[in-house]
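# A closer look at the structure
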Amino acid sequence: KNQVEQSPQSLIILEGKNCTLQCNYTVSPFSNLRWYKQDTGRGPVSLTIMTFSENTKSNGRYTATLDADTKQSSLHITASQLSDSASYICVVRSYSGGGADGLTFGKGTHLIIQP
Amino acid sequence: NAGVTQTPKFQVLKTGQSMTLQCAQDMNHNSMYWYRQDPGMGLRLIYYSASEGTTDKGEVPNGYNVSRLNKREFSLRLESAAPSQTSVYFCASSVLAASYNEQFFGPGTRLTVL
């Protein structure tokens with residue numbers, strides 16, 4: 001069964017510090033991996049989409065990495081800001097399996113930035 | 001350009017009542033989706049519509065029905081609401097239900113069934 005595991009479940013850091021969120025998956029065959037940011041009370045918003053050939057992808061202060069061999073991805077946030085407080089969801093797409101839409105969603109990491 | 005819109009934003013129902021959640025997108029996307037999000041769980045697909053005129057069951061379709069009214073609109077109906085359907089419901093759309101296409105999500109409908 002396709003699975004996406006995220007760690008940690010929750011994280012509290014001080015404003016200005018960096019942090020890294022982890023995503024391990026057992027989705028096969030792999031198509032792409034997405035990171036979403038979900039603010040409290042809002043819908044998820046896409047940060048990055050990566051295929052197996054892309055090792056690193058950046059979106060401003062967000063940098064996602066992908067190791068397709070070990071089936072691991074990370075999302076690194078640089079110089080955190082209060083507005084980074086949100087849940088970050090890792091989603092993996094398979095060419096088959098997963099949901100009917102081919103997507104397997106992680107449960108998310110809840111990040112809190114403290115002033 | 002509003003993106004994906006959902007109505008209502010909040011709803012409280014009694015067990016056994018029915019209601020329809022509305023979703024519309026103005027991005028000319030072909031594919032639309034309904035998900036539910038529960039505490040401690042990832043988003044779960046209820047139904048999706050790969051293109052106008054087609055609908056397919058997702059992971060948790062029981063107790064729900066959908067209608068793809070036209071290319072813009074995709075509604076979700078609860079015929080007889082149950083407390084287990086208390087959740088946050090998200091509608092999403094994408095150009096195509098395939099591969100690299102990014103999904104755009106609506107703001108959600110928070111439903112409580114008493």
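In this text the structure is predicted, and so the values were computed from the model without any measurement. (Residues numbered from 1 in each chain as written. Chains lettered and ligands numbered in written order. Predicted model: local features only at pLDDT ≥ 70, side-chain atom pairs only at ≥ 80, totals over all residues. Heavy atoms only, no water.)

## Describing the interface of chain B and chain A
- Between chain B and chain A, the contact holds 23 residues from the first and 22 residues from the second.
- Counting each side, the surface lost to burial between chain B and chain A is near 1,700 Å², with a carbon and sulfur contribution of 53%.
- Across the chain B-chain A interface, the total number found is three residue pairs in polar contact (both at pLDDT 80 or more).
- If you list the elements that add at least two residues to the side of chain B that touches chain A, you get strand 4 (31-37) and strand 5 (44-49) of chain B.
- Per-element tally for the side of chain B that touches chain A: the top contributor is strand 4 of chain B, with three residues.
- Each residue belonging to the side of chain B that touches chain A can be placed in one class, and the counts come to 12 nonpolar, eight polar and three charged. (Contact = heavy atoms within 4.5 Å. Buried area = accessible area lost by both parts, 1.4 Å probe. Polar contact = N/O pair within 3.5 Å; in protein donor to acceptor, adjacent residues only side chain to side chain. Helix = DSSP H or I, 4+ residues; strand = E, 2+ residues; numbered from the N terminus. Nonpolar A, V, L, I, M, F, W, Y, C, P; charged D, E, K, R; others polar.)

## Digging into the state of the cysteines
Residue and element names in this part refer to chain A.
- As enumerated under the stated definition, the model contains two disulfides over all chains in all.
- One disulfide in the model links Cys-23 with Cys-90; its S-S distance is 2.0 Å. Because the sign of the S-S torsion sets the handedness, a value of about -65° for the bond joining Cys-23 and Cys-90 places this disulfide among the left-handed ones. Of this pair, Cys-23 sits in strand 3 (residues 19-25) while Cys-90 sits in strand 9 (residues 86-94), and the two are 67 residues apart along the sequence. (Disulfide = S-S within 2.5 Å.)

## Section: the nonpolar core
Residue and element names in this part refer to chain A.
- Ranked by size, the top nonpolar core spans 23 residues in total, and within it Tyr-25, Leu-33, Trp-35, Leu-75, Tyr-88 and Val-92 carry the most contacts.
- Of all the elements in the fold, those that place two or more residues in this core are strand 3, strand 4 (30-38), strand 5 (45-51), strand 7 (62-67), strand 8 (72-77), strand 9 and strand 11 (109-114).
- Leave out the neighbours within four places in its chain, and Leu-75 touches Cys-19, Thr-20, Leu-21, Trp-35, Leu-47, Tyr-62, Thr-63, Ala-64 and Tyr-88. (Core = buried A, V, L, I, M, F, W, Y, C linked by side-chain atoms within 4.5 Å. Buried < 20%, exposed > 50% of the residue type's maximum accessible area, 1.4 Å probe, protein only.)

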